[in-house]
Amino acid sequence: MAEIIVTTSGKGGVGKTTTSASIACGLARRGKKVAVIDFDVGLRNLDLIMGCERRVVYDFVNVTQGEATLKQALIKDKRFENLYVLAASQTRDKDALTKEGVEKVLKDLDADGFDFIICDSPAGIEKGAFLAMYFADKAIVVVNPEVSSVRDSDRILGLLDSKTRKAEQGGTLKPHLLLTRYNPARVESGEMLSIKDVEEVLGLKTIGVIPESGDVLNASNKGEPVILDLESPAGQAYDDAVARLLGEDRPMRFTTFEKKGFFSKLFGG
């Protein structure tokens with residue numbers, strides 16, 4: 001049975017779509033059959049980061065409204081034959097998605113033998129975000145280590161606890177914390193919240209810490225999810241997060257500030 005994972009946050013611009021793309025690629029690289037769905041109707045971005053924007057013919061709304069089949073709308077990734085993208089509509093209203101339509105797509109993907117379905121949620125608490133999380137088994141809550149991002153994500157956790165199918169059935173949806181744009185030097189100087197700070201406020205365990213890096217933007221601009229660049233610390237950190245998601249035990253990297261020694265300072269090392 002397919003495991004449905006929603007990538008969510010309270011605040012926009014924290015790296016949800018980058019995370020969805022990288023998690024999907026990381027799972028596919030490990031041999032899992034993966035579909036990643038863009039729920040951000042009207043503001044489509046997932047196809048750009050996945051590098052398949054020119055291949056979008058039919059979208060998620062077309063499928064839910066019976067204007068195209070799921071097979072017609074799914075875009076097969078050129079790097080992994082077991083990875084598929086379902087793009088959002090750029091022209092429809094946010095109310096175009098319905099709970100019944102989303103449920104049918106998820107059931108059809110499950111019937112097609114997918115191992116994982118990644119739901120890339122819009123920011124905030126509007127309808128698209130609600131539908132992205134409603135059917136999920138797990139959530140990856142993407143947070144920047146700053147007060148406004150943490151506060152907004154706390155509200156999302158309340159919705160995950162109360163407004164999902166699992167909650168309605170008396171169960172619990174397991175949320176994981178993924179910190180993005182983490183800079184240990186700024187944490188050390190008190191300009192940024194630490195991992196421990198964020199974990200204590202949100203009551204979540206961290207599944208990944210992605211260091212602040214220009215590699216993320218460069219990769220997105222090229223249509224190559226940053227996880228595919230294993231020379232990049234950000235790519236390595238996403239790969240670690242995927243491993244932990246699958247139950248592997250990996251130490252956290254790129255989380256400590258290395259103070260320069262006397263000779264390093266003296267010679268500019």
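Values in this document were obtained by computation on a predicted structure and should not be read as measured data.

### Details of the overall build of the protein chain
Of the regular secondary structure elements, the protein chain holds 13 helices and eight strands. Rg of the C-alpha trace for the protein chain: 19 Å, near the compact-globule value of 18 Å for 269 residues, within the 12% margin. Viewed in the frame of its principal axes, the protein chain has a C-alpha envelope of about 70 × 40 × 35 Å. When contacts within the protein chain are restricted to residue pairs at least 6 apart in sequence, those whose partners lie at least 24 apart make up 76%. By element, 48% of the accessible surface of the protein chain is carried by carbon and sulfur atoms, the whole surface being about 12,600 Å². Averaging the locations of the 37 positively and 40 negatively charged side chains of the protein chain gives two centres separated by 1 Å.

### Re the packing of aromatic side chains
In this description, an aromatic ring pair is defined by two values, namely the gap between the centres and the angle between the planes. Using the criterion set out here, one finds four aromatic pairs in the structure. With a centroid separation of 5.6 Å and an interplanar angle of 50°, the aromatic rings of Phe-130 and Tyr-134 are classed as tilted. Here Phe-130 pairs with Tyr-134, and both are found in helix H6 (residues 127–134), just four residues apart, close to one helical turn. By relative accessible area, Phe-130 is classed as partly exposed at 26%. Judged by its relative accessible area of 6%, Tyr-134 falls in the buried class. These aromatic residues form a ring-pair network of at least three members: Phe-130, Tyr-134 and Phe-135. In this structure, Lys-33 is placed above the aromatic ring of Phe-114, and the distance from its NZ or CZ to the ring centre is 4.5 Å.

### Some thoughts on the UniProt feature "binding site: ATP" (unreviewed entry) in the protein chain
UniProt feature "binding site: ATP" (unreviewed entry): in the numbering of this structure it lies at Lys-11, Gly-12, Gly-13, Val-14, Gly-15, Lys-16, Thr-17 and Thr-18. Residues that both appear in the annotated list above and line the largest pocket are Gly-12, Gly-13, Val-14, Gly-15, Lys-16, Thr-17 and Thr-18. Within the secondary structure layout, Gly-13 lies in the loop between strand S1 (3–8) and helix H1 (16–29). With sequence-adjacent residues up to four places away left out, Gly-13 is seen in contact with Asn-144 and Arg-181. The contacts of Lys-16, once residues within four sequence positions are left out, are Thr-7, Thr-8, Ser-9, Lys-11, Asp-120, Ser-121, Pro-122, Ala-123 and Val-142.

### So, helix H10 (residues 195–202)
Those residues of H10 that fall on the buried side of the exposure criterion are Ile-195, Val-198 and Leu-202. One side of H10 carries all its buried residues, which in axial view fall inside an arc of 70°. Opposite the buried face of H10, at more than 90 degrees from it, the exposed residues are Lys-196, Glu-200 and Val-201. In this fold, the buried residues of H10 make contact with strand S6 (138–143), helix H7 (147–162), strand S7 (174–182) and strand S8 (206–211). Positive backbone phi, approximately 70°, marks Gly-203, located one or two places after H10.

### Concerning the layout of surface pockets
As a volume, the largest pocket reaches approximately 490 Å³. Elements represented by at least two residues in the lining of the largest pocket include exactly H1, helix H2 (46–50), S7, S8 and helix H11 (214–222). Taken together, the residues of the lining of the largest pocket sort by class into eleven nonpolar, ten polar and six charged. Space inside the second largest pocket adds up to approximately 260 Å³. For the lining of the second largest pocket, the secondary structure elements donating two or more residues are helix H5 (99–111) and helix H8 (165–168). Broken down by element, the lining of the second largest pocket gets its largest block of residues, four residues, from H5.

### Topic: the packing of H1 against helix H12 (residues 233–245)
At a minimum axis separation of 9 Å, H1 and H12 run at an interaxial angle of 65°. Handedness of the crossing formed by H1 with H12: right-handed. Along the contact surface, H1 presents Thr-18, Thr-19, Ser-22, Ile-23, Gly-26, Leu-27 and Arg-29, while H12 presents Tyr-238, Asp-239, Val-242 and Leu-245. For the contact of H1 with H12, the residue count by class is five nonpolar, four polar and two charged.

### Re H6
Most of H6 is tucked away: six of the eight residues are buried. If you check which residues of H6 are buried, you get Gly-128, Ala-129, Leu-131, Ala-132, Met-133 and Tyr-134. Summarising the contacts, the buried residues of H6 are in contact with S1, H5, strand S5 (116–120), H7 and H8. Between the side-chain oxygen at the start of H6 and the backbone nitrogen of Gly-128 there is a gap of 2.6 Å, and the oxygen is on Glu-126.

So, how was this worked out
- The numbers attached to residues start from 1 for each chain and follow its sequence in the written order.
- Residue-level local features of this predicted model are given only where pLDDT is at least 70; pairs of side-chain atoms are given and counted only at 80 or more, and the full residue set underlies all totals for whole chains, interfaces and linings.
- To obtain the side-chain values, all non-hydrogen atoms of the structure were used and water was disregarded.
- By definition, any uninterrupted DSSP run of H or I lasting at least four residues is a helix, any uninterrupted run of E lasting at least two residues is a strand, and each is numbered from the N terminus.
- Every radius of gyration here is taken over C-alpha atoms, with the globule rule written as 2.2 Å times N^0.38, N being the number of residues.
- Only heavy atoms enter the contact rule, under which two residues are in contact if any of them lie within 4.5 Å.
- Where accessible areas are quoted, they stem from the Shrake-Rupley method and a 1.4 Å probe; at the residue level, only the protein chains shown are allowed to cover.
- Counted as positive: Lys and Arg. Counted as negative: Asp and Glu, with His and the chain ends omitted from the count.
- By convention, the charge on Lys lies at NZ, on Arg at CZ, on Asp at CG and on Glu at CD.
- Classification of ring pairs uses Phe, Tyr and Trp, with its six-membered ring standing for Trp, and accepts pairs whose centres are within 6.5 Å; under 30 degrees between planes counts as stacked, over 60 as edge-to-face, and the remaining range as tilted.
- Three labels apply to residues, based on accessible area from a 1.4 Å probe with only protein chains included: buried if under 20% of the type maximum, exposed if over 50%, partly exposed otherwise in between.
- Distance and angle both matter: a charge sits over a ring if NZ of Lys or CZ of Arg is within 6 Å of the ring centre and within 35 degrees of the ring normal.
- UniProt positions are given in the numbering used here, feature names are shortened, and annotations may be inferred rather than shown by experiment.
- Cavities and pockets are defined on a 1 Å grid built over the protein atoms alone: a cavity is a set of grid points where a 1.4 Å probe fits but cannot escape, while a pocket is an open set with protein on both sides within 12 Å along at least five of seven lines, and lining residues are those with an atom within 4 Å of any such point.
- Summarising the geometry, the arc corresponds to the directions from the helix axis toward the C-beta atoms.
- Grid points are joined across faces, edges and corners, and a volume is the space filled by probe spheres set on the points.
- Throughout, the ten residues Ala, Val, Leu, Ile, Met, Phe, Trp, Tyr, Cys and Pro are labelled nonpolar, Asp, Glu, Lys and Arg are labelled charged, and all others, Gly among them, are labelled polar.
- Interaxial angles span 0 to 180 degrees and are taken between N-to-C directions of axes, which are lines fitted to C-alpha atoms, for helices over the stretch in contact.
- Put simply, a crossing is left-handed when the front helix is turned counterclockwise from the back one by less than a right angle, and right-handed when it is turned clockwise.
- Polar contacts, as counted here, are pairs of nitrogen or oxygen atoms within 3.5 Å of one another; within protein the pair requires one atom able to donate a hydrogen and one able to accept it, and residues that are adjacent in sequence qualify only if both atoms are side-chain atoms.

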